[in-house]
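Survey of secondary and tertiary structure
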There are 2 protein chains.
Amino acid sequence: MEKEIIGWIYEAAEKVKSGLGDALKVDQKNGRTDLVTNVDKEVQDFIVKKIHDYDPKALILGEENGQDDTPIDKGRVFVIDPIDGTLNFVMQQENFCIMIAVYEEGVGQLGFIYDVMRDELLWGGPKVGKVYNNKEELSAPENKSLSEGLIGMNAALYRKDLFHAQEIGQTSMGIRVLGCAGLDFVAILKGTQIGYVSMLSPWDYAAGTIMMEQLGMTVIGENQQPLSFKGREFFIGATQAAMAEIQAISKANH
Amino acid sequence: MEKEIIGWIYEAAEKVKSGLGDALKVDQKNGRTDLVTNVDKEVQDFIVKKIHDYDPKALILGEENGQDDTPIDKGRVFVIDPIDGTLNFVMQQENFCIMIAVYEEGVGQLGFIYDVMRDELLWGGPKVGKVYNNKEELSAPENKSLSEGLIGMNAALYRKDLFHAQEIGQTSMGIRVLGCAGLDFVAILKGTQIGYVSMLSPWDYAAGTIMMEQLGMTVIGENQQPLSFKGREFFIGATQAAMAEIQAISKANH
């Protein structure tokens, strides 16, 4: 299955890149800075068609085209973000990703994050027992503490100091705001960030979560609960050591 | 002169890259997250030697090795940041730059920002009448308004809401925190960010400022004053349209 998915991603990336020169059709979703383009929709449709040709029974959980409400826990579910970091895509023509995850009966089997313009594909999970950066197997990042690493942050969460985001940031070596969840996961998987604190939807965190867990790192949702895979929610992903410290900060402030 | 400087930068970059595999010697400067490594110092010494071989009378204004106090306004001054984004360099082994600027009698003539790991050299200024991205001439970015673009921010400034940083960020399409001034300037020069609001030292802003002005954009220091080139100071660089809006926000809140 992974070979097919990688093929779809590379083919989708060609569509995205060839679309960069054209005039994008940009629409607002939930406000001025929440954008969707014709490319998001076309790429999702393209991937969905490939999935249905490959496995007609597969279910889709995806950001665009009204497929955002599929339960994660029954059957084989493909979780799709055709363009993660749409604002970067529109404004920068770089720093965006294509993301796909495969869940079977609620268990994450494979995750794929493709940084299109840097040609960097991170993929893996329980189905293959490994995580790769392109063709190179990734080793598990060092289990660094919060004070030893950089941490990715959602800007609004940090500004409003929700969920003790500022104390978490102050305890770390520094925050980074990249505007693309996929890039935060790529940094965590490569060991160049120790975590990521954000508000995310299932298609933002599905692929990254599968690969983080494969490499021995942990993720959690609001109130120390597992991620719900239902709508947008608070998200923490981190090394085990950093996660323990983040949870201690949350409890101390409760 | 520009050919020589580009040669030094590429040679320095090789030293930096070959040093990445070795154990870095990391020291703290003004606190836990303000780091300097043996590589910063060695690269500054290397560039300074090249400068003095080329022009024995040239003056140096640089971050390391006690050369941080040279006045900008007399003679030919080379402004050097051997590794801009030292925290990224240490933590990520990417997302850092080598920066050099040349001032003559206080007038910026040439700026150079080299994103070492992406092999992207932005350079130019009045001396050559242009700005280049590697060998390609850059055209002036569109004069976008604040609400039309992404803006780079210093995380502490944003968290503490100094200089109305949060309102500036809220008026824009979104903030980005990259942890490396050079990368913010690269984004502005390529037109993928409309500005940058930060606290910077002369070696952080010298090269970027020269190139921004060459492409018709503007920079300013605290209290609407020109940059002082003396110590760390408030910095805004932006398109002309975004700068006008940022100044209006500052005045409205005064």
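About the criteria used
- Residues numbered from 1 in each chain as written.
- Chains lettered and ligands numbered in written order.
- Predicted model: local features only at pLDDT ≥ 70, side-chain atom pairs only at ≥ 80, totals over all residues.
- Heavy atoms only, no water.
- UniProt positions renumbered as here; feature names shortened; annotations may be inferred.
- Least-squares fit on C-alpha atoms with pLDDT ≥ 70 in both.
- Helix = DSSP H or I, 4+ residues; strand = E, 2+ residues; numbered from the N terminus.
- Buried < 20%, exposed > 50% of the residue type's maximum accessible area, 1.4 Å probe, protein only.
- Core = buried A, V, L, I, M, F, W, Y, C linked by side-chain atoms within 4.5 Å.

Chain A is annotated in an unreviewed UniProt entry as Inositol monophosphatase of Enterococcus malodoratus ATCC 43197. UniProt lists a comment for chain A under the heading Cofactor (unreviewed entry), and it reads "Mg(2+)".

**As for the relation of the copies chain B and chain A**
Overlaying chain B on chain A yields an RMSD of 0.0 Å, the required transformation being a rotation through 180 degrees with an accompanying axial translation of 0.0 Å. The operation mapping one copy onto its partner corresponds to a two-fold rotation axis. No C-alpha of chain B approaches the rotation axis more nearly than that of B:V177, which lies at 2.3 Å.

**Digging into unusual backbone geometry**
All names here are of chain A. Residue Q93 is not a glycine yet carries a positive backbone phi of 55 degrees. Mapped onto the elements of the fold, Q93 is located in the loop between α3 (86–92) and β5 (97–104). Backbone geometry at N95 places phi at a positive 65 degrees, although glycine is not the residue there. Its relative accessible area of 14% is what places N95 among the buried residues.

**Overview of the nonpolar core**
Counting 40 residues, the largest nonpolar core has A:I151, A:M153, B:I151 and B:M153 as the members making the most contacts within it. Within the second largest apolar cluster, 38 residues are counted, among which are B:A13, B:I100, B:V102 and B:W123.

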